[in-house]
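Geometric and topological summary
Spelled out, the chains give:
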Amino acid sequence: MVHQIRNACKYVVWKDRKEFSADMKLIYTAPTKQAAEAALRDFAEKWESKYSYAIKSWRDNWDELTVFFEFPLEIRKIIYTTNLIENLNGKIRKYTKNKMSFPTDDAVLKSVYLALKEATKKW
C-alpha cells in the first residue's frame, strides 16, 4: 500500500500534496473493501481532472490493492508500511554486526534468536 501511495503522490504538485494525501488516506483506512471503493470514487471525482495519472494508478492496481482489506484492521496497520520490519531487521543487525564471523550456522541462529527475544521485551 505504501508503494501505491508514493506512486500516486509523485504526480501531485507540492501545494496540493497535503490535501491530496488526506483524501487518499480515506481509501486505505476504510474499514471495508466497499467503503474503500466508495472513498476511491469520491477521491476520483475530486482529483481526476487535475491528477488523472494518480487516479489511473489506483484503478489499474485496484485488484491487487483490495487484498489488503481481507486482513483485520489491526493487521492492516502493521502491513501498511515496512517500518516495523525494518526496525526488527535493525535490531537483528545490531546483534550480528559486531561479529566478523560465526563458527557455525547454529551460532548465527542463536544470535538472531537472542536479538528477537530482546526485541520482544519492548513490545
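Please refer to the structure placed before this passage.
Given the structure is predicted, the values throughout are model-derived calculations rather than measurements.

About the thresholds
Sequence order sets the numbering: in each chain, residues are counted from 1 along the sequence as written. Since the coordinates come from a predicted model, pLDDT governs what is reported: local features require at least 70, and pairs of side-chain atoms require 80 or more to be given and counted, while whole-chain, interface and lining totals use all residues. Side-chain numbers come from the whole structure's heavy atoms, not from hydrogens or water. Whenever a carboxyl oxygen of Asp or Glu lies within 4 Å of a side-chain nitrogen of Lys or Arg, that contact is scored as a salt bridge. Numbering of helices and strands runs from the N terminus, with a helix taken as a DSSP run of H or I at least four residues long and a strand as a DSSP run of E at least two residues long. Here's how the labels work: a residue is buried when its accessible area is under 20% of the maximum for its type, exposed when over 50%, partly exposed in between, all with a 1.4 Å probe on protein chains only. Each patch is built from residues lacking any salt bridge and having more than 30% relative accessible area; the joining distance is 9 Å for like charges and 5 Å for nonpolar side chains (Val, Leu, Ile, Met, Phe, Trp, Tyr). Per-residue and other accessible areas were derived by the Shrake-Rupley procedure at a 1.4 Å probe size, with only the shown protein chains allowed to occlude residues. By convention, a stacked pair of Phe, Tyr or Trp rings (six-membered ring in the case of Trp) has centres within 6.5 Å and planes under 30 degrees apart, an edge-to-face pair has planes over 60 apart, and any other such pair is tilted. As used in this structure description, the phrase polar contact means that two N or O atoms lie within 3.5 Å; if the pair is within protein, one of them must be able to donate a hydrogen and the other to accept it, and residues adjacent in sequence are counted only when both atoms belong to side chains. In what follows, residue pairs with any heavy atoms lying within 4.5 Å of each other are defined as contacts. Only buried Ala, Val, Leu, Ile, Met, Phe, Trp, Tyr and Cys residues count toward a nonpolar core, and they belong to the same one when joined by side-chain atoms within 4.5 Å.

So, about the pattern of salt bridges. Applying the stated criterion to the full structure yields 6 salt bridges. Note that E19 is salt-bridged to K46, the shortest N-O span being 2.7 Å. With E19 in helix α2 (residues 14-28) and K46 in helix α3 (residues 33-47), this pair connects stretches of sequence that are 27 residues apart. Residue classification places K46 among the partly exposed positions, given a relative accessible area of 42%. Where D23 meets K46, a salt bridge forms, and the shortest distance between an N and an O atom there is 2.8 Å. Separated by 23 residues along the polypeptide, D23 in helix α2 and K46 in helix α3 bring together distant segments of the chain. Look at the salt bridges and you will find they share partners, linking E19, D23 and K46 into a network.

On the surface, V67, F71, I75, I78, I79 and L84 cluster together into a nonpolar patch covering about 500 Å² of accessible area. Per-element accounting of the nonpolar patch gives the leading share, 3 residues, to helix α6 (residues 73-79). For V67, the location among the structural elements is in the loop between α5 (62-65) and α6.

Centre-to-centre distance and the angle between the planes together describe a pair of aromatic rings. For the coordinates displayed, the defined rule picks out 8 aromatic pairs. Between W47 and Y51, the ring centres sit 5.8 Å apart and the planes meet at 35°, which makes this aromatic pair tilted. Across the pair, Y51 and W47 agree in class, each one buried. On the basis of an interplanar angle of 80° and a centroid distance of 5.6 Å, the ring pair of F68 and F69 is categorised as edge-to-face. No difference in accessibility class separates F68 from F69, as the two residues are buried.

With that settled, consider the side chain of R76. When you line up the elements, R76 lands in helix α6. A distance of 3.2 Å separates a polar side-chain atom of R76 from the backbone oxygen of F71. Not counting residues up to four positions away in its chain, the partners in contact with R76 are Y28, A30, P31, F68, F69 and F71.

F20, M24, I27, F43 and W58 are the most contacted members of the largest nonpolar core, which totals 24 residues. With residues near it in sequence (within four places) discarded, F43 still touches F20, D23, M24, I27, E48, I55 and W58.

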